[in-house]
Amino acid sequence: MFCKLLRLRLQPGSPVHAVAQRSIHKLASLQKATALPPKKMQSLLFPFSEVEAYLDRSVDRTQFQLFHPSLEDMLMAEKLFCASESHKIEYSSSAERMDHAPALKQPEVCFIGRSNVGKSSLIKALFSLSPEVEVRVSKTPGHTKKMNFFRVGRAFTMVDMPGYGHRAPRDFVDMVEPYLHTRKNLVRTFLLVDGSVGLQKADLIALEMCEELRCPYVMVVTKIDKCKHGALLTNLLNLQHVLKTETSSCFPQPFLISSVHYLGIYLLRCFIAHVTGSIRLKDTSQS
Ligand SMILES: Nc1nc2c(ncn2[C@@H]2O[C@H](COP(=O)(O)OP(=O)(O)OP(=O)(O)O)[C@@H](O)[C@H]2O)c(=O)[nH]1
Ligand SMILES: [Mg+2]
């Protein structure tokens, strides 16, 4: 009964729903984060700082901290993720094949990775300041079946891809590969791996493909809120080794993310704004 009532009161348009939406909005904003104690804020903005304490002194940390923008830069980037009358953030279209993909001029970034790794959740977290943008996530692997295009004003487009592995191996061959091969306005590909399990065979195949295509890509380590420290460290060090020895098109710094607790979301917003040319970082030595 209570649940029914709650659901009723949380209907879109109801006053309670509006309050709930506002609190999500607050949680996701940098303004809110700056009110946290310094250590907490540091791990929210730069999640690697949390892990770093557990690393052996001999481990080279520079690779994990190459992109280290100022708070001012992050605030500038955050504005791009807030919709307004003149800056619409919206789902634009879906496509099952490249000839159905919208012809767009603005820079584009895409998110690829195994089914269930958290691609759609990451896009949802990035858009959490504009909660009216609907991004569907699901516990069931293979949920996203098409390439979904989201427009961020006139600044850039973000593309949510179907996952590979599990029940959707064809999607990858039919959609992701042709997309990466042909998309002219694609400026960065984000390849997601699950922090608890690390690089899997399917991830290495995707990584090899990005290398072959020489498409600039970035590794994102997801669900770090669920990872045991030991497992996350082992997987990070293995990833660091692979990036150093087997890649040349990959940005050396992996981005650590929790889409549930917004860890690393602020940093990734800033990186996306930067690589799409939407903001100019104040201190260029940090790029
Ligand atoms: N704890 C935790 N769970 C997450 C996180 N990101 C995603 N999940 C959960 O993981 C599941 C899969 O998330 P999706 O975002 O739908 O995964 P996907 O990669 O888009 O999956 P496909 O569309 O099937 O390729 C959902 O149950 C999410 O709630 C995270 O950062 N932390
Ligand atoms: Mg999805």
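All of these numbers come straight from a predicted model, not from anything done at the bench.

**Points about the pairing of strand 5 (residues 186–194)**
Successive residues of a regular strand alternate their side chains across the two faces of the sheet.
Consideration 1: In terms of burial, strand 5 is largely enclosed, as seven of its nine residues are buried.
Consideration 2: Relative to strand 6 (residues 217–222), strand 5 runs parallel, the two being bridged by six bridges. By the bridge assignment for strand 6, V193 is matched with V221.
Consideration 3: Taken together, strand 5, helix 9 (residues 201–213) and strand 6 constitute a β-α-β crossover, and its handedness is right-handed.

**Some thoughts on helix 6 (residues 71–80)**
Consideration 1: For helix 6, every residue scored as buried is listed here: D73, M74, A77, E78 and L80. Buried positions in helix 6, seen along its axis, are confined to an arc of 140° and lie on one side of it.

**A word on the site of ligand 1**
Consideration 1: Near ligand 1 lie 22 residues; those nearest to it are K119, S121, G142, T144 and D225.
Consideration 2: Contacts to ligand 1 include V117, whose backbone N or O atom sits 3.3 Å from an oxygen atom.
Consideration 3: The contact in question runs from an oxygen atom of ligand 1 to an N or O atom on the side chain of S121, over 2.5 Å.
Consideration 4: Burial of ligand 1 by the protein amounts to 89% of the accessible area it has alone, namely 660 Å².
Consideration 5: Grouping the constituent residues of the shell around ligand 1 by class yields four nonpolar, 12 polar and six charged.

**Re the environment of A231**
Consideration 1: Mapped onto the secondary structure, A231 falls in helix 10 (residues 229–246).
Consideration 2: C-alpha of A231 to C-alpha of G195: the two residues are 36 residues apart in sequence and 7.8 Å apart in space.
Consideration 3: If sequence neighbours within four positions are ignored, A231 has contacts with G195 and S196.

**Regarding the packing of aromatic side chains**
Consideration 1: With the rule as written, the count across this model stands at 12 aromatic pairs.
Consideration 2: Aromatic pair Y91 and F150: ring centres 5.8 Å apart, planes at 65°, arrangement edge-to-face. Taken together, the residues span a long stretch of sequence, with Y91 in strand 1 (residues 89–95) and F150 in strand 3 (residues 147–152) at a distance of 59 residues.
Consideration 3: Using a relative accessible area of 3% as the deciding quantity, one classes F150 as buried.
Consideration 4: Site record: aromatic cluster; members linked through ring pairs are F67, F111, F190, F251, F255 and F271.
Consideration 5: The ring of F81 carries R269 above its face, with NZ or CZ at 5.8 Å from the centroid.

**Some points on the environment of F271**
Consideration 1: Here F271 shows up in helix 11 (residues 265–275).
Consideration 2: For F271, a relative accessible area of 3% corresponds to the buried category.
Consideration 3: The spatial distance from the C-alpha of F271 to the C-alpha of H68 is 9.4 Å, given a sequence separation of 203 residues.

**Considering the sheet that holds strand 6**
Consideration 1: The mixed open sheet is built from seven strands, whose spatial order is 1-3-4-2-5-6-7. The open sheet terminates on both sides in strands that have one partner only, identified here as strand 1 and strand 7 (255–256).
Consideration 2: The pairing of strand 2 (residues 108–113) with strand 4 (residues 156–160) spans four bridges and is parallel. Its bridge partner lying in strand 4, V109 is registered against M158.
Consideration 3: This element, helix 11, spans strand 2, strand 4, strand 5, strand 6 and strand 7 of the sheet and lies at about 155° to strand 5.

What counts, and at which threshold
- Residues numbered from 1 in each chain as written.
- Chains lettered and ligands numbered in written order.
- Predicted model: local features only at pLDDT ≥ 70, side-chain atom pairs only at ≥ 80, totals over all residues.
- Heavy atoms only, no water.
- Buried < 20%, exposed > 50% of the residue type's maximum accessible area, 1.4 Å probe, protein only.
- Helix = DSSP H or I, 4+ residues; strand = E, 2+ residues; numbered from the N terminus.
- Pairing = 2+ DSSP bridges.
- Right-handed = clockwise from strand over helix to strand, strands pointing away.
- Arc of directions from axis to C-beta.
- Near = heavy atom within 4 Å.
- Polar contact = N/O pair within 3.5 Å; in protein donor to acceptor, adjacent residues only side chain to side chain.
- Areas by Shrake-Rupley, 256 points an atom, 1.4 Å probe, with all protein chains shown as cover.
- Nonpolar A, V, L, I, M, F, W, Y, C, P; charged D, E, K, R; others polar.
- Contact = heavy atoms within 4.5 Å.
- Phe/Tyr/Trp six-rings, centres within 6.5 Å; stacked < 30°, edge-to-face > 60°.
- Lys NZ or Arg CZ within 6 Å of the ring centre and 35° of its normal.
- Axes fitted to C-alpha atoms, helices over the stretch in contact; angles between N-to-C directions.

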